[in-house]
Amino acid sequence: MAEDPVVEALVIARDEQPPQSAAVLRGLAAAGFGVGDYTPPAAGTEIVPPAPGNRKRAGTYTISMPGTAATLRIAVWRYGGPVTDGMGETALHALARGLSPVEAQTLQTGTLGLELRLSGGAVRPLDALEFTLKVVGVLLGLTDGVCLDPAAQRCFGRAQLAQLTSGDPLMHVTIHDEAWDADSRWLHTHGMQKFGRPELDLVGVPLTLEPEGRALLCDVAVSLAAGALLAAGGELDLGDAGTAMAVAAPTDLDHQAPYGRLRLVESLLPGQASDSERAAQMLARTALAEAARRAQQGDRSRAEQIIERVLAADPDECGALLLQARLRLTAGQPLAAVEIGEYMELRVPDDYRGPLAVGVGLAALGRLREALHALERSLRLNPEAAEAFAARANVYQQLGEQQRAAEDAAHARYLGYRG
């Protein structure tokens, strides 16, 4: 982590004339920021308008962050045209999202900017960010303007500023959602550089798994902002969903990342699948872990909804289908579980979970010999499938073959079965 990330913000004033320096200094002092200094522009230059495409300094304020050695400088600039001149229409439209019509007009036409830059003093990033936002609040009140956050690539007015939650690092980070291809999205952060951390992204996110993608990026962002370290090749613990891996991701002019950019992917089988495929697998596992948790809590409806979203992204996702079969069993529909297993055997014949679902369904129907054959097929496909050994132990128990039942149960426990 680089020392002392710089905090920057730009307030675009509604009026063409800057507020009186005395009013600014009083406002800062009234907000508890102490006595600030003001340096006026050079004599005679304040009335000379800047040439189109240029800007001219109209004064500078300097205040200290209380209790620290950090310094905040506020440079007042007159522009020879709109502050946002040269910014594309699409970018302006995205920045104006959520602004009032007057604020959106200020963003597009304002010619006076107050540029804030806080640095030095080894201040905790979140403290520096919150201090800067408080100063922004004073300036927005004095200028009736809008604030452009260049690192997070967002814009906000006074009403939106009031809604930002103190102490939440996610208030200083945005997640952008762009098309990756016809059926998936690219989710990526802007603003992690404020914490001296790499930006994060997920590529090829299936439309139905966007909620999991956003939640994952938010969780990782909060962890990094709190001080966790992550570099290319590092792994993330996703709890019941397993692990994820961070790999280096490219940057471009529109997505600059001073501390690098990391892409989150499935940690299994690195290099044998595209980043999109690995992201989809990881998010499906994350979603299914939540679905299983919901099912254990008795919230079958919510579990079914999550499963359906996973299957909408991949109709042959065997983890989702097996969990769906289990839900059918608990609902007293063993034949439906068998049908799901048969579908898996047809669609994904090399996956052990198809005959596993068939086996547990047939066992529930009392068709024990058929169930035994199905479970043996499952174990031929995966000789280390703990749940298949546990299911076969149950069948042997019902058949009265106690020794075999005990052997399979012990092997299931050895393989980590916790059912």
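Above this text you will find the structure in question.
Criteria and thresholds
Residues numbered from 1 in each chain as written. Predicted model: local features only at pLDDT ≥ 70, side-chain atom pairs only at ≥ 80, totals over all residues. Heavy atoms only, no water. Helix = DSSP H or I, 4+ residues; strand = E, 2+ residues; numbered from the N terminus. Buried < 20%, exposed > 50% of the residue type's maximum accessible area, 1.4 Å probe, protein only. Contact = heavy atoms within 4.5 Å. Areas by Shrake-Rupley, 256 points an atom, 1.4 Å probe, with all protein chains shown as cover. 1 Å grid on protein atoms, 1.4 Å probe; cavity = no way out; pocket = protein on both sides within 12 Å on 5 of 7 lines; lining within 4 Å. Points joined across faces, edges and corners; volume = space filled by probe spheres on them. Phe/Tyr/Trp six-rings, centres within 6.5 Å; stacked < 30°, edge-to-face > 60°. Disulfide = S-S within 2.5 Å. Pairing = 2+ DSSP bridges.

## So, the overall build of the chain
Along its length, the chain carries 14 helices and 13 strands. The principal-axis extent of the C-alpha atoms belonging to the chain is close to 100 × 40 × 35 Å. In the chain, buried positions account for 46% of the 419 residues. Put simply, 57% of the contacts in the chain that link residues at least 6 apart link residues at least 24 apart. When the accessible area of the chain is evaluated, it comes to approximately 20300 Å², of which 51% is carbon and sulfur surface.

## Some remarks on empty space enclosed by the protein
Applying the stated criterion across every chain, the model contains two cavities of 30 Å³ or more. In this structure, the largest cavity spans a volume of roughly 90 Å³. What lines the largest cavity is a set of 13 residues, and nearest its centre among them are Glu8, Ala9, Leu133, Asp149 and Lys194. Looking at the lining of the largest cavity, the elements with two or more residues in it are β1 (7–12), α4 (125–143), β6 (146–149) and β7 (154–156). Counting residues per element, the lining of the largest cavity draws most heavily on α4, which supplies four residues.

## Description of the packing of aromatic side chains
Each aromatic ring pair is characterised by the separation of its centres together with the angle its planes make. Tallied over the full model, the rule gives three aromatic pairs. Ring centres 5.2 Å apart and planes at 85 degrees place the aromatic pair Phe33 and Phe131 in the edge-to-face group. Of this pair, Phe33 sits in the loop between α1 (21–30) and β2 (37–39) while Phe131 sits in helix α4; the two residues are 98 residues apart in sequence, bridging distant segments of the chain. Grouping residues by exposure puts Phe33 and Phe131 together as buried.

## Re the state of the cysteines
Taken as a whole and judged by the stated rule, the model has zero disulfides. Its sulfur unpaired, Cys155 is 6.9 Å from the next cysteine sulfur, which belongs to Cys147.

## Here's the deal with the pairing of strand β13 (residues 261–266)
Burial analysis of β13 places six of its six residues in the buried class, which makes it a mostly covered element. By the bridge criterion, three bridges tie strand β10 (residues 199–206) to β13 in an arrangement that is parallel. Bridge pairing in β13 places Asp201 opposite Arg263. Summarising the sheet, strand β12 (residues 243–248) and β13 pair through five bridges and their orientation is antiparallel. Within β13, the residue paired with Val247 across the bridge is Arg263.

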